[in-house]
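Notes for the structure review
Listed here are the chains, written in short residue letters.
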Amino acid sequence: MRKNRIVFWAAVAIVPIGLWPQLAAAQGQDSGSARAGLDEIIITARKKEESIQDAPLAVSALSDAQLKNAGVDSFDQVLSLVPNASQSGGIGGSIQGLVSIRGISTLVRFVGLETGVGFYVDGVYMGRPENFNQDLIDIERIEVLRGPQGAVFGKNTIAGAINIITKMPGDETTAIVEAQYGNYDHTRLRGYLSGALSETVSASISAGYLSRDGFVEHLTDGKDLDDADQTTLRAKLRFAPVDWADFVLAADYLKDDSNPAFFEVTDFAFAPFATPEDQASLSSPFTTNNEFENSLDRTVQGLSLTSGIDLAEGSVDVVLAYRESDWQASLDDDKTSLEIFPDRFSQETEVLSAEVRYSRPINDKLDVMVGAYYYDQNSSGIGDFALGDFLVGVPGVNVPIVLTSSVESDSTALFFNTNYSLTDQLSLEVGGRWLRETKDAIHVQQDFSGIFGDTSFQRSRTDNDFSPTVSMSYFVNDANTLYARYGEGFKSAGFNTDFVTAGVSNLEVAPELATSVELGWKSTLANGRVRLNTAIFTTEYEDLQLAQIVGGGVSLNNAAEATITGLETEFVAALGEFVNLNASLGLLDATYDDFAGCPAPGSTPPAIVAANCSGNTLNLAPEVSIALGMQWTYPVGHLGNLFLRADYNYRDDVFFEPQNDPRLSGGSRDLIDFRAGLVNDTWELIAWARNLGDENYVNFADDRSAIGIPTTQAFGAPRTYGVTARFRF
């Protein structure tokens, strides 16, 4: 059945290719209006400016206008527009950054493990996943690169890289003010100001504030969960003393002070002791009756200095950055009115990074980029997983399991990338990155309950890696490019600094490795009114790092091997002057080739436990993902343009653990968003609705039977609606 479905959707993806003759014939026709064409998209996915249609890799680029038109306000909404990409919910959506690209994802529960997606803002690697979920203010463009990006973007880009480019201060004074209001008392305020301070200095400042009541109703005390309280600030100072030198000093700050739901408990071992309200909260989505307050206090901030200097025969780019992040969270693990499992945990991270690149054309056929990169990260974490007074028998007395961890990572890399024009139509790219990384970890587990036992270790390891990239591009004509790409990726080794059963051996995992082959076709048709980009790929995935909660604590393993094959198609069309279409389709066949000793959830019935998960589907790897959008803009006199837009998003079933237990899975989802209003050059007024059908869907699930909670689930947001007003000065 799985293969048949993939064949069907592959056939659907090929349908636009069948329209090529008709679209190509239309290239000779007059579009009737300059507005009918699509704007050219310039990207920096290969650390140089080029058209997205010329870059030999699968990359999606979303401009500020595209994000605004689709109503995308935060990073967790971006990936719904990208084929074979998504971000899950629960704790993963708040502070663990559970992003999946092409079926590769990592649940980063603790400081000993790192994500497989590289997240960059203005060339600065953001590091830990608590940096991911941000408000999108002053965005110029977002690029999502799919597949291993080890040569250009470095380590921990084994699934892909997300490259966010913010607006640069300009000489012309520009101001934008935006206000939103919606149900759940949703309030979002944003502002952006940019302009020249002198002939050589310009500056910009942007700010955003989000406040929203919770989606999850508390059944007794009215303290709803899953609310929002987030402030974002960014400032840039640009100094261009001469035509050939440019310096940008940037600072950013994010403060998140919310009461997240994290997840909801749907199966509880102590149910006979629960109140009627507890029983109701266990059976109904978006309800809770927790006794111990959930909270999240997250701070992310950083400084960077970026410089670009044009030399007589090349250019030098330097990116220096300091970043720090910290968060403290509290969580009622049982979500009932009884104090059974109150938890508190926190993490702090400091990062120093430096990158130097030299680029130059050797002649009219060859250009070269060489560079060096240094990254130093220090992360520490404290976890207090307690057994509450209900189990202890003494009111107000909890028995803790205290975890104290620290991991220091030191990475040095040398990299290069070359492009050589073999002929006028054939181009060869060869690149690679050599990396040396040392990691030192200390972990102490003090279990005063005696259930898991005490554990401590101090370990150090050094890994070396070379990740090459080779691609070939064939420029059929000005409108069509074919390419083939080979790339490798490397993700850092990890340590199990979570709670474990004393005496277990799974305290360390080796680095992950991925090898990918990709074939693609990029076309611009119908006189620039249509873009159709398609890629097929296969990825061999070795030593997959898998962290999951099982009956005896947290398991961390290297799954031996996995193979991922798939197809991605993106289609954008301007149908005349007033109508725009966009569509994307992602197909995946992502399965374990060999995973002996595959850990089973603690309460999984023995009948479905597999000793080897060979043939099972990887976590967060839907067979099919679809995004469709249609936008209609029509002039209505002096008021400007009437704006209507509808978006549809579909994601197939996914599993959240390798045994593929249906209890720990998420069903398919169909989501519809709608926007309508008036738009002109100086102001906009838009009414909007997200998840218009109010579909209830599971975004993440796990098993916590070690503490009497067999099943938890996190749900996607319910229907939300409101209005946005935006003014430009």
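Heads up: the structure comes first, above all this text.
Right, let's walk through the structure included here. Because the structure is a prediction, the values reported are computed rather than measured.

**So, unusual backbone geometry**
The residue Asn 156 is not glycine, and still its phi comes out positive at about 60°. Relative to the elements of secondary structure, Asn 156 occurs in the loop between strand S8 (139–146) and strand S9 (160–166). Within the chain, Asp 694 stands out as a residue other than glycine whose phi angle is a positive 55°. Tracing the backbone through its elements, the reader meets Asp 694 in the loop between strand S37 (683–690) and strand S38 (698–704).

**Thoughts on the state of the cysteines**
Tallied over the entire structure, the rule returns one disulfide. Each sulfur of the disulfide joining Cys 598 and Cys 613 lies 2.0 Å from the other. One quick way to see it: the torsion about the S-S bond of Cys 598 and Cys 613 is about -65°, and its sign makes the bridge left-handed. Taken together, the residues span a long stretch of sequence, with Cys 598 in the loop between strand S31 (579–594) and strand S32 (624–635) and Cys 613 in the loop between S31 and S32 at a distance of 15 residues.

**With respect to the pattern of salt bridges**
Under the definition given, this model contains 42 salt bridges. We note a salt bridge from Arg 141 to Glu 143, for which the minimum N-O separation is 2.8 Å. A residue is classified by how much of its surface remains accessible, and Arg 141, at 13% relative accessible area, is buried. Judged by relative accessible area, Glu 143 falls into the buried class, the value being 0%. Between Arg 663 and Asp 703 there is a salt bridge, with the nearest N and O atoms lying 3.1 Å from each other. Pair noted here: Arg 663 is in the loop between strand S34 (654–655) and strand S35 (665–666) and Asp 703 is in strand S38, with a separation of 40 residues, a long-range link.

**As for the layout of surface pockets**
Its volume calculated, the second largest pocket comes out at about 1200 Å³. If one sorts the elements of the lining of the second largest pocket by residue count, strand S18 (residues 295–311) sits on top with six residues. Here the lining of the second largest pocket is composed, by residue class, of 17 nonpolar, 13 polar and 16 charged.

**Focus: empty space enclosed by the protein**
Tallied over the entire structure, the rule returns 13 cavities of 30 Å³ or more. Around the largest cavity, the lining comprises 31 residues; the ones closest to its centre are Arg 109, Phe 345, Phe 385, Leu 403 and Asp 498. Those elements that provide at least two residues to the lining of the largest cavity are helix H5 (91–96), strand S19 (314–332), strand S20 (342–361), strand S21 (366–387) and strand S22 (399–421). The element best represented in the lining of the largest cavity is S21, accounting for six residues. Considering only residue class, the lining of the largest cavity consists of 19 nonpolar, seven polar and five charged. Estimated volume of the second largest cavity: approximately 280 Å³. In terms of lining residues, the second largest cavity is bounded by 25 residues, among which Leu 107, Leu 546, Ala 547, Asn 619 and Phe 656 are the most central. At the level of secondary structure, the elements contributing two or more residues to the lining of the second largest cavity comprise strand S29 (530–550) and S38. A total of six residues in the lining of the second largest cavity trace back to one element, the largest contributor, which is S29.

Conventions we followed
- Residues numbered from 1 in each chain as written.
- Predicted model: local features only at pLDDT ≥ 70, side-chain atom pairs only at ≥ 80, totals over all residues.
- Heavy atoms only, no water.
- Helix = DSSP H or I, 4+ residues; strand = E, 2+ residues; numbered from the N terminus.
- Disulfide = S-S within 2.5 Å.
- Salt bridge = Lys/Arg side-chain N within 4 Å of Asp/Glu carboxyl O.
- Buried < 20%, exposed > 50% of the residue type's maximum accessible area, 1.4 Å probe, protein only.
- 1 Å grid on protein atoms, 1.4 Å probe; cavity = no way out; pocket = protein on both sides within 12 Å on 5 of 7 lines; lining within 4 Å.
- Points joined across faces, edges and corners; volume = space filled by probe spheres on them.
- Nonpolar A, V, L, I, M, F, W, Y, C, P; charged D, E, K, R; others polar.

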